[in-house]
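# Descriptive structure summary
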Amino acid sequence: MTETPRISLDGVSYTYEEAPSPALSQATAAIREGEFVAVLGHNGSGKSTLAKLLNALYIPTEGTVLVCGYNTKEEKYTWEIRRRAGMIFQNPDNQIVATVVKEDVAFGLENLGVPTVDMIPRIESALATVRMSKFADTAPHMLSGGQKQRVAIAGILAMEPSVIIADEATAMLDPSGRQEVLDTLLALNKNKNITVVWITHFMEEAAKADRVIVVSDGSIVEDGTPGEVFEKTDRMRELHLDVPHMTALAEELRSEGMPLPGGILTVEDMVREVEKIICPSKSAT
Amino acid sequence: MLKNITLGQYYPVDSLIHRLDPRIKLILTIAFIVAVFMVHTLAGYAVIFAFVFWLSRLAKVPFRMLLRGLKPLRFIVILTFLLNLFFTPGEKVLVEFWIIRITEESLLQAVHYSLRLIFLVLGTSLLTLTTSPVSLSDAIEILLTPLKKIRFPAHELAMMMTIALRFIPTLLEETDKIMKAQMARGADFESGNLFNRARAMVPLLVPLFVSAFRRAGDLAMAMESRCYHGGEGRTRLRVLKIQNNDWAACGIMVLLIGLIVLEGILL
Ligand SMILES: Nc1ncnc2c1ncn2[C@@H]1O[C@H](COP(=O)(O)OP(=O)(O)OP(=O)(O)O)[C@@H](O)[C@H]1O
Ligand SMILES: [Mg+2]
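Because the structure is a prediction, the values reported are computed rather than measured.

## Some points on the overall build of chain A
- Across its full length, chain A carries 12 helices and 10 strands.
- Computed over the C-alpha atoms, the radius of gyration of chain A is 20 Å, within 12% of the 19 Å expected from 2.2 N^0.38 for a compact globule of 285 residues.
- Counting all 285 residues of chain A, 54% fall into the buried class.
- Considering only intrachain contacts with a sequence separation of at least 6, the fraction spanning at least 24 residues in chain A is 62%.
- Total accessible area computed for chain A in this model is approximately 12400 Å², and 51% of it derives from carbon and sulfur atoms.
- Taking the average location of the 27 positive side-chain charges in chain A and that of its 41 negative ones, the two points are 4 Å from each other.

Written out as structure tokens, the structure reads:
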């Protein structure tokens, strides 16, 4: 069966007005339904440009972007594309429009012209999904950063999207806020089969994705499972990126002579593999 | 410390007046101002005063909260009084010395105008004390909707008000942060003459403006990505519905205006 990808990029380039060189050039990739894709890249590599191309905020100067089969170039599909591919931004304060949480969640629905009676259950269920129901009547400035980002997610969920794009949505949060937001999106990806494009600077977050795309100077330079991509430790350093701590540790141990396999990303992976070496009998059972 | 600021001067209690439809309240406030301008006798002002006092009781708003609204306008009230007192021409002279000439007519006119001003402020204060800014911006949008036909940006105006309200706490928090950062580096916002204090504000305002513009850009993008495309075809979560209480309020206002018209004819 050949299913159409949720997002497909075909030779996409984008040049900002008056910029000497393209911020993104010749990007080609296909993202399937239900994938959780992490996008990595150093500062100014073109990640945000890529994100905005997926939501018809930018129209490619070259090539085509298809979101759920709709071409972002065709203006008549703009609202359909934005409804299906919701976007969460970095600064939690700068994306909340209304003075009360539930009204902010309603914002997208109001724009789509959803009748008031249909709005209420959609808002309630969206807030319940991100576990923010009890804050429905709170003013946004009373919430923590992680809670604000969850409200932003609810605002998108209410529009029943197929894809959620998060552009460094955790960059301004404390560790517990980061965990909250990432867990929320991982759960949505798993339970509701929503495709997630997760742009981040944190390698530990990227390690939890199904797939990692690395952008460097406007080009997609790596694309594969986290195991495959992070295994190339030297290549990542060359791209000014870290690898997850455990991957780096595994590499160190390997160079010291410990026979660890590749693809170690998390503490759990490490524990499992080390156990296999230290007491092979236990892990066999 | 800035977390609990109240927006505008809204006095959040639950009362009959608070629960009235904001559109009706807005219209009735305008009607009240018209009524005030129709009053010609001191007895009429007594009626108006009794009415305002009764409303503040119904609204559970302490009367001194209402009077507080007059404070910033006290100079204008006094000026109005004095200008009318000295410069209204009249026949029956009460006091006359040097270049000052106070007549019965000028005294009456001075009292009239300053009382009108006072009641105008009391009436609008009662509206803003009992209506949250968000409901007020809703009411303004709906009431101005007919003007969309002549390209009046009713929706945009209300959206601007909502966004301004939403960002007041955020920007206050930010001001607080920048101020503390500057104070930690030895800035002094409190002492010195007016000029020095104004100059001390510059390193505060510049980063604040820069950040406000960045926020505006971000917000515009976030709104677009959530399908915002102006007021066209937009529905709303908050729908206003006129209830029996609203009709009753209208009836009372009609009575008040009737009373004042009658007073004008009889007295
Ligand atoms: N509005 C703009 N106008 C002109 N050039 C821009 C604009 N926004 C970004 N750029 C340039 O395009 C390139 C890619 O920027 P982009 O914001 O996509 O990077 P990024 O990977 O998201 O970086 P970061 O990690 O800092 O968020 C950069 O060289 C940047 O200077
Ligand atoms: Mg970016």
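After presenting the structure, the write-up continues.
## So, the overall build of chain B
- A tally of helices and strands in chain B yields 10 helices and 2 strands.
- Element order for chain B, N to C, with α for helix and β for strand: α-α-α-α-α-β-β-α-α-α-α-α.
- For 267 residues, the compact-globule estimate of 2.2 N^0.38 gives 18 Å, and the C-alpha radius of gyration of chain B, at 24 Å, exceeds that figure by more than 25%.
- Reported as C-alpha extents along the three principal axes, the dimensions of chain B are approximately 65 × 55 × 40 Å.
- The buried share of chain B, reckoned over its 267 residues, is 38%.
- Here chain B has roughly 15800 Å² of accessible surface; of this, 70% comes from carbon and sulfur atoms.
- If the 29 positive side-chain charges of chain B are averaged to one point and the 19 negative ones to another, these points end up 6 Å apart.

## Overview of the site of ligand 1
All names here are of chain A.
- The environment of ligand 1 is made up of Tyr16, Ala23, His42, Asn43, Gly44, Ser45, Gly46, Lys47, Ser48, Thr49, Glu168 and His201.
- Within the contact set of ligand 1, an oxygen atom lies 3.2 Å away from a backbone nitrogen or oxygen of Ser45.
- Separating an oxygen atom of ligand 1 from a side-chain N or O atom of Lys47 is a distance of 2.7 Å.
- Isolated, ligand 1 exposes 630 Å² of accessible area, and the fraction of that covered by the protein chains is 58%.

## Considerations on the pattern of salt bridges
Residues and elements named next belong to chain A.
- According to the stated counting rule, one finds 30 salt bridges over all chains in the structure shown.
- Measuring nitrogen to oxygen at the nearest pair gives 3.4 Å for the salt bridge that ties Glu80 to Arg83. Here the residue Glu80 and the residue Arg83 both occupy positions in helix 2 (residues 78-84), the gap between them amounting to 3 residues, near one helical turn.
- Of the residues examined, Glu80 reaches a relative accessible area of 26% and is grouped as partly exposed.
- A salt bridge links Lys102 to Asp137; the shortest N-O distance between them is 2.7 Å. Residue Lys102 is found in helix 3 (residues 101-112), and its partner Asp137 is found in the loop between helix 4 (116-129) and helix 5 (145-157); the two are separated by 35 residues along the sequence.

## Observations regarding the domain arrangement of chain B
- We note that the domain assignment places domain 1 (1-131 + 241-267) and domain 2 (150-234) within chain B.
- With centres defined by C-alpha atoms, the gap from domain 1 of chain B to domain 2 of chain B works out at 34 Å.

## As for a nonpolar patch on the surface
Residues and elements named next belong to chain B.
- A surface patch of nonpolar side chains, amounting to about 590 Å² of accessible area, comprises Ile78, Leu79, Leu82, Leu83, Phe86 and Phe87.
- In this structure, Ile78 sits in helix 5 (residues 74-87).
- Judged by its relative accessible area of 46%, Ile78 is partly exposed.

## Examining the interface of chain A and chain B
- The interface of chain A with chain B comprises 40 residues on the first partner and 31 residues on the second.
- Carbon and sulfur atoms make up 57% of the area that chain A and chain B hide from each other, which totals about 3100 Å².
- At the boundary of chain A with chain B, the tally comes to 4 salt bridges.
- Residue Arg226(B) pairs with Asp104(A) through a salt bridge whose shortest N-O separation is 3.4 Å.
- The interface formed by chain A and chain B includes 15 residue pairs in polar contact (both at pLDDT 80 or more).
- If you list the elements that add at least two residues to the side of chain A that touches chain B, you get helix 2, helix 3 and helix 4 of chain A.
- The leading source of residues in the side of chain A that touches chain B is helix 3 of chain A, at 11 residues.

## With respect to the packing of aromatic side chains
- What the rule picks out here adds up to 12 aromatic pairs over all chains.
- Residues Phe107(A) and Tyr228(B) carry aromatic rings whose centres are separated by 5.7 Å and whose planes lie at 25° to one another, so their mutual orientation is stacked. Placement of Phe107(A) in helix 3 and of Tyr228(B) in the loop between helix 9 (194-225) and helix 10 (244-266) is noted, with the two residues assigned to different chains. With respect to class, Phe107(A) is no different from Tyr228(B); both count as buried.
- Relative to Phe119(B), the ring of Tyr45(B) lies with its centre 6.1 Å away and its plane at 5°, an arrangement referred to as stacked.

## Describing the sheet that holds strand 1 (residues 7-14) of chain A
All names here are of chain A.
- Strands sit in the order 2-1-4-5 across an open sheet of 4 strands; the sheet is antiparallel. Looking at the sheet topology across the chains shown, the edges are occupied by strand 2 (24-31) and strand 5 (70-71).
- By the bridge criterion, 2 bridges tie strand 4 (residues 62-67) to strand 5 in an arrangement that is antiparallel. Looking at the pairing, Val67 lines up with Tyr70 of strand 5.

## Some details on the pairing of strand 1 of chain A
All names here are of chain A.
- Of all the 8 residues making up strand 1, 7 are buried; the element is thus mostly covered by neighbouring parts of the structure.
- Where strand 1 meets strand 2, 5 bridges bridge the pair, whose relative direction is antiparallel. Opposite Leu9, over in strand 2, you have Ala29 as the bridge partner.
- As judged from the 5 bridges shared by strand 1 and strand 4, these two strands associate in the antiparallel manner. Paired with Leu9 across the bridge in strand 4 is Val65.

## Some points on the side chain of Glu174(B)
- Along the chain, the position of Glu174(B) falls in helix 8 (residues 154-184).
- Excluding residues that lie within four positions of it along the chain, Glu174(B) makes contacts with Leu208(B), Ser211(B) and Arg215(B).

Analysis parameters
- Residues numbered from 1 in each chain as written.
- Chains lettered and ligands numbered in written order.
- Predicted model: local features only at pLDDT ≥ 70, side-chain atom pairs only at ≥ 80, totals over all residues.
- Heavy atoms only, no water.
- Helix = DSSP H or I, 4+ residues; strand = E, 2+ residues; numbered from the N terminus.
- Rg over C-alpha atoms; globule rule 2.2 N^0.38 Å.
- Buried < 20%, exposed > 50% of the residue type's maximum accessible area, 1.4 Å probe, protein only.
- Contact = heavy atoms within 4.5 Å.
- Areas by Shrake-Rupley, 256 points an atom, 1.4 Å probe, with all protein chains shown as cover.
- Lys, Arg positive; Asp, Glu negative; His and termini not counted.
- Charge placed at Lys NZ, Arg CZ, Asp CG, Glu CD.
- Near = heavy atom within 4 Å.
- Polar contact = N/O pair within 3.5 Å; in protein donor to acceptor, adjacent residues only side chain to side chain.
- Salt bridge = Lys/Arg side-chain N within 4 Å of Asp/Glu carboxyl O.
- Domains from an automatic or database assignment.
- Patch = residues over 30% accessible without salt bridge, like charges linked within 9 Å, V, L, I, M, F, W, Y side chains within 5 Å.
- Buried area = accessible area lost by both parts, 1.4 Å probe.
- Phe/Tyr/Trp six-rings, centres within 6.5 Å; stacked < 30°, edge-to-face > 60°.
- Pairing = 2+ DSSP bridges.

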